[in-house]
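Summary of the model geometry
Below are the chains, spelled out letter by letter.
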Amino acid sequence: MADDDYSAQLSWQSQSKDNLKVLMDNFSPAHHERFEAYRRHALPKSAVRKVIQQTLGQQVSQPVAQIVAGFSKVFVGEMMEKAHAVQQRRGETGPLSPDHLREAYRLYQEETGRVGAARPLRSKRIFMK
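Report follows, based on the coordinates. (Residues numbered from 1 in each chain as written. Predicted model: local features only at pLDDT ≥ 70, side-chain atom pairs only at ≥ 80, totals over all residues. Heavy atoms only, no water.)

**A word on the pattern of salt bridges**
What the rule picks out here adds up to 6 salt bridges. The shortest N-O distance in the salt bridge between aspartate 25 and lysine 21 comes to 3.4 Å. Of the two residues, aspartate 25 and lysine 21 are both situated in helix H1 (residues 2–25); the distance of 4 residues between them amounts to about one turn of the helix. Per residue, the accessibility class of aspartate 25 equals that of lysine 21, and both read exposed. Where arginine 34 meets glutamate 81, a salt bridge forms, and the shortest distance between an N and an O atom there is 3.6 Å. (Salt bridge = Lys/Arg side-chain N within 4 Å of Asp/Glu carboxyl O. Helix = DSSP H or I, 4+ residues; strand = E, 2+ residues; numbered from the N terminus. Buried < 20%, exposed > 50% of the residue type's maximum accessible area, 1.4 Å probe, protein only.)

In structure tokens form, the structure reads like this:
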């Protein structure tokens, strides 16, 4: 049974690599550059751990900080892609502005509903004026 699991895992990895290659072949040069920058960078786990500990008021393990850092990186990536889409829809060029990020966050909330299950502490709102 272990051989079947191993071969299934190899098959999945091969298919995953093929899918990524097809995806990257269809990227524009600017999008490819952004994707490579996204893959190269990571949120500092010590800083993420510190934010979690300050927010929750208790110690968290390193694996928890790694998981939160991973989800945070995906969230930031989604916000950047939406902000670039907003910028293109408006016909603007150059670096992203805070208005692009605010609109991207508004669209994200519209698509997914409320972000987080609880109300923000002390009425903090991100990306808002």
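Next comes the rest of the description.
**Things to note about helix H4 (residues 62–89)**
Compared with the 40 Å implied by 1.5 Å per residue over 28 residues, the 40 Å span of H4 between its first and last C-alpha is a close match. Buried within H4 are the following residues: Ala65, Ala69, Gly77, Met79, Lys82, Ala83, His84, Val86 and Gln87. Note on H4: the residue one or two positions beyond its end, glycine 91, has a positive phi of about 75°. (Expected span 1.5 Å × (residues − 1).)

**Overview of the packing of helix H2 (residues 29–40) against H4**
Interhelical geometry of H2 versus H4 gives an angle of 165° and a closest axis separation of 11 Å. Relative to H4, the element H2 lies roughly antiparallel. Crossing of H2 against H4: the hand is right-handed. Along its contact with H2, which presents His31, Arg34, Tyr38 and Arg39, the element H4 presents Lys73, Val74, Gly77, Glu81 and His84. Broken down by class, the residue content of the contact of H2 with H4 amounts to 2 nonpolar, 3 polar and 4 charged. (Axes fitted to C-alpha atoms, helices over the stretch in contact; angles between N-to-C directions. Parallel < 35°, antiparallel > 145°, perpendicular 65-115°, else oblique. Left-handed = near helix turned anticlockwise from the far one by under 90°. Contact = heavy atoms within 4.5 Å. Nonpolar A, V, L, I, M, F, W, Y, C, P; charged D, E, K, R; others polar.)

**Here we look at the packing of aromatic side chains**
Counted by the stated rule, this structure contains 2 aromatic pairs. Relative to tyrosine 108, the ring of phenylalanine 75 lies with its centre 5.3 Å away and its plane at 80°, an arrangement referred to as edge-to-face. Note that phenylalanine 75 is positioned in helix H4 and tyrosine 108 in helix H5 (residues 98–112), a separation of 33 residues in sequence. Residue phenylalanine 75 is classed as partly exposed on the basis of its relative accessible area of 22%. (Phe/Tyr/Trp six-rings, centres within 6.5 Å; stacked < 30°, edge-to-face > 60°.)

**Overview of helix H3 (residues 45–56)**
Because each turn of an α-helix spans 3.6 residues, side chains separated by three or four positions in sequence point in the same direction. Between the first and last C-alpha of H3 there are 16 Å, a value that for 12 residues agrees with the 16 Å anticipated at 1.5 Å per step. Positive backbone phi, at 75°, marks glycine 57, one or two positions downstream of H3.

Nothing here speaks to function; it is all geometry.
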